[in-house]
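The primary structure of each chain is shown beneath.
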Amino acid sequence: MGKSEILPGDRLNRIAPVSMEQVRGQEFLEVGHEEAPHLMDYWHLILKRRWTVLTALLAVFLTVAIGTFKQKPGYSGTALVEINPEPPNVLNFKEVLQISNQDVDSYRETQFRVLESRTLAERVVRDLALYRSPEFYRKSILFGLMETTPANVPSPTDNAPPDVNSEAFTNAVKHFLDAVEISPVRRSNLVEVSFGSHDPRVAAQVANRLAQDYIDSNLQVKWDETIKASDWLQGQLVGLKAKLEKSDDQLQAYAQEHSILFITEKQNLVNDRLQQLEQEYTKAQAARFHAEASYTLVKSTKNMDLPSVLSDKFIQELEGRLAELERQYAEMTSMVKPEYPKAVQLKKQIDVLEARITAQKQALVENIVEEYHAAESNEKLLAQAVVQQKAEVNDIAQKTIQYNILKREADTNKQLYESLLQRLKEAQVSEGLKASNIRIVDQAETPKLPVKPRVILNLALGFAFGLALGIGLAFFQEYLDNTVKSPDEVEELVRLPSLAVLPSFALNDGKGDASKQLAKAAPGDRVVAPAIQTTAVGKESFRTLRTSILLSAHPVPRTILITSALPGEGKTTTTVNLGVALAGLGSKVLIIDCDMRRPACHRATGVENKPGFVQCLTGRVQISEAILPVPGVANLWVIPCGPIPPNPAEVLSSPVAGALLNSLRSEYEYVIMDSPPLLSVSDSRILATMTDAVVLIARANSTPYQVIQRAKNLLYGAGARILGVALNGVDFRHGGYGYGYYRRYGYGYGYGYGYGYGYGYGYGYGDNEAQSPDQNS
């Protein structure tokens, strides 16, 4: 890149500056919208974890394949059996064991369990002497891959009864139960009884024997229950017959003694009369209640103003005439004196009407009193009649109570005796009946082809399950991985801008182990500094970082601190190559190695480690003597660290350090400082207060995002201005990252080279010359 790529001043002026107060005042930094995961992102994840997927796939597939091919061929004999809940209609009466319609489902389920019962299995094993067969008495372990033989194996010629507690018999029964399969046919009374064996003849023979023994067992259960029921009925009938005779005798004797042979008709007549009297008594009570209400009002002080009196039509007519005369009298007296003859005449008429009204009301009141007394008398008479009738009913009922008790007892004994006698005869007939509701529809035939193992199905399932397990483990590994792997994760998880993606790269000669070659390098052996990238990929990556820094803020930062959260992130390599990229613009660039614990800039640039920055700070060397040109790069100088001081933090905190940086800033357009890790020592926070901006370096697939957040918080706490994060060590060839990133951001290339250069896992004092520097440190 030539000088034509220097950004014009008007473009830089259009970049809005972001102050530290604004950044720290926000809860988080908005760096872009979140995008939904793309399908290619999942594919890249699988490619990245491909060894996990392939390992799980091969482990499962090979295990299934070995187990499948080691299995012996298995044959299955199937007999079709009908289990009808309804018994055969041989007789008109019900059998002792009868199934109700509501219990059909439970009956079928019970029969299915009987077919799989241990008792029936022992019967078949005993009948066919399966405990003598090696296939049955051997015990299988590890899914049938291995077999063990019991200590005492029965001889094939031994006809003695088997020992049911022996290991051979127990293993045979267990193997039998494992090999039996009961499959009901939907929406029917049919069930398939299957048995699996390595011998096709044994498979068919055992299936047929199991079905036949099941039928025989069912008949035996019915026979035993019928015998038990017949014996019980016969014993109950003897006592019930004597009890019936005794109850009949008692009933006849009581009826003759109390003459109640025809009492039913008389009892009905007396009950009907009592019911009529009770109805009349109820009506008399209601009439008395009504008359009593009026009588109570008569006894009050306003007896002339009763509702029944006031509602009388004759009284209402007289009161109307009285009101008319009073109106006429009032009109006349308003015009003449009361002594006027017509007025006197009207007054007399009024008096006569008032007297008639009073007399009429009195007559009505007396009538109410008489009605009340009459209703009361009628109620009393009916009450006496009801009491007398109840006494007559009770007398008749008392005589029939004992009679009805004796009669019911006799009827009950008779019905019970007849019912038990009927069931006894039916049970005796059922004893000789051998009809079963279970029959064999189709007997099992000797199978010609094995049903196990299903090679293609097992291998397909093993492949599918292994692939699913591998993909699941890959996603689980990715879920547990808390390291940053892409610029998107830097912006989403750390909430800082992503400045550039730096691929993994090797030394500029690309030969051998990087750390060993740098350790053996001498100052004058190379024309170009060891850490400077000469490949197109390396140079373009650092040009991208340079552009991001120049566009990050206004004014453009001139003193830049390169640091990281942990050792081995690539600080030194990034510092040197960023200096090369800035020098390519024609600017004077100075690199200062401020890592006073494990300095590496002198090896990365191919210069001697003396005189150094430490000697300048202590006043032993002039600053101009410590500035050394970087081999092969114009406009780029470096100040190595020099001897390691015992107290780096105190040296950097001295006023001399700030004065030196200010003087260098006036002489060079850009000053880039390499520093120790933030979380290891406090040197970087001290240097952050003396610089214009800070660039954080993080290694892809290595640095946890929580660590970067901690480093960010430390820098913000020191008042530093963080430009963003440069993601280092990204391998575009492996893991599928390069394609996904450049597809999303529109670049036309994806590449990567191996490069190994870092601090390792430790950080502290030591012989800097003896240790192997890391080009990505």
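Located above this text is the structure these notes cover.
Residues numbered from 1 in each chain as written. Predicted model: local features only at pLDDT ≥ 70, side-chain atom pairs only at ≥ 80, totals over all residues. Heavy atoms only, no water.

K.L.:
Explain the overall build of the protein chain to me, and be specific about the residues and the numbers.
P.N.:
Across its full length, the protein chain carries 26 helices and 14 strands. A buried classification covers 41% of the 777 residues belonging to the protein chain. Per element, the accessible surface of the protein chain, about 42400 Å² overall, is 54% carbon and sulfur. (Helix = DSSP H or I, 4+ residues; strand = E, 2+ residues; numbered from the N terminus. Buried < 20%, exposed > 50% of the residue type's maximum accessible area, 1.4 Å probe, protein only. Areas by Shrake-Rupley, 256 points an atom, 1.4 Å probe, with all protein chains shown as cover.)

K.L.:
So what about the pattern of salt bridges? Which residues, and what values?
P.N.:
Counted under the stated rule, the structure contains 20 salt bridges. With a closest N to O distance of 3.7 Å, Arg-113 and Glu-116 form a salt bridge. Between Arg-327 and Glu-324 there is a salt bridge, with the nearest N and O atoms lying 2.2 Å from each other. Separated by 3 residues within a single helix, Arg-327 and Glu-324 lie in helix 12 (residues 313–333), roughly one turn from each other. The partly exposed category is assigned to Glu-324, whose relative accessible area is 34%. Linked by salt bridges that have partners in common, Lys-48, Arg-49, Glu-478, Asp-481, Lys-485 and Glu-489 make up one network. (Salt bridge = Lys/Arg side-chain N within 4 Å of Asp/Glu carboxyl O.)

K.L.:
For the nonpolar core, give the residues involved together with the corresponding values.
P.N.:
Of all hydrophobic cores here, the largest spans 48 residues; its most connected members are Ile-592, Phe-613, Ile-639 and Leu-664. The element best represented in this core is helix 25 (residues 705–717), accounting for 5 residues. In terms of nonpolar packing, the next biggest core, distinct from the first, is built from 37 residues, Ala-581, Val-607, Leu-723 and Ala-726 among them. (Core = buried A, V, L, I, M, F, W, Y, C linked by side-chain atoms within 4.5 Å.)

K.L.:
Explain the pairing of strand 8 (residues 559–564) to me, using residue names and the numbers behind them.
P.N.:
Most of strand 8 sits out of view: 6 of its 6 residues are buried. By the alternation rule, side chains of strand 8 split into Thr-559, Leu-561 and Thr-563 and Ile-560, Ile-562 and Ser-564, which are all buried. Where strand 8 lies against strand 13 (residues 693–699), 5 bridges are found, and the strand directions are parallel. Bridge pairing in strand 13 links Ile-562 to Val-695. (Pairing = 2+ DSSP bridges.)

K.L.:
So what about the pairing of strand 7 (residues 498–503)? Which residues, and what values?
P.N.:
For strand 7, the tally of buried residues reaches 5 of 6 residues, placing the bulk of the element in the interior. Relative to strand 14 (residues 722–730), strand 7 runs parallel, the two being bridged by 4 bridges. Bridge pairing links Ser-498 to Val-725 in strand 14.

K.L.:
Describe in detail a nonpolar patch on the surface, supporting the description with residues and values.
P.N.:
On the surface, Leu-39, Tyr-42 and Phe-475 cluster together into a nonpolar patch covering about 310 Å² of accessible area. Structurally, Phe-475 can be placed in helix 14 (residues 455–480). (Patch = residues over 30% accessible without salt bridge, like charges linked within 9 Å, V, L, I, M, F, W, Y side chains within 5 Å.)

K.L.:
Give me the sheet that holds strand 11 (residues 636–639): which residues, what numbers.
P.N.:
Reading across from one edge, 7-14-13-8-12-9-11-10 is the order of the 8 strands in this open sheet, with mixed pairing throughout. Either end of the sheet is taken by a strand with one partner, and the two such strands are strand 7 and strand 10 (628–629). Helix 15 (residues 487–494) contacts strand 7 and strand 14 of the sheet and is inclined by roughly 140 degrees relative to strand 7. (Contact = heavy atoms within 4.5 Å. Axes fitted to C-alpha atoms, helices over the stretch in contact; angles between N-to-C directions.)

K.L.:
Tell me what's going on with the environment of Arg-321, and back it up with residues and numbers.
P.N.:
If you trace the backbone, Arg-321 turns up in helix 12. According to the relative accessible area criterion, Arg-321 is partly exposed, its value standing at 44%. Taking the C-alpha atoms as reference points, Arg-321 and Leu-353, separated by 32 residues in sequence, lie 8.0 Å from one another.

K.L.:
Pulling in residues and values, what's your account of unusual backbone geometry?
P.N.:
Keep in mind that most residues, glycine aside, have a negative phi and that most peptide bonds are trans. Note that the residue after Lys-452, namely Pro-453, is joined by a cis bond; omega there is -5 degrees. When you line up the elements, Pro-453 lands in the loop between strand 6 (438–442) and helix 14. Following Lys-610, the chain continues into Pro-611 via a peptide bond in cis, with omega recorded as -15 degrees. Following the sequence through the fold, Pro-611 ends up in the loop between helix 19 (601–605) and helix 20 (613–617). Its identity is not glycine, yet Arg-495 carries a phi of approximately 65 degrees, on the positive side. Relative to the helices and strands, Arg-495 resides in the loop between helix 15 and strand 7. Unusually for a residue other than glycine, Asn-635 sits at a positive phi of about 65 degrees.

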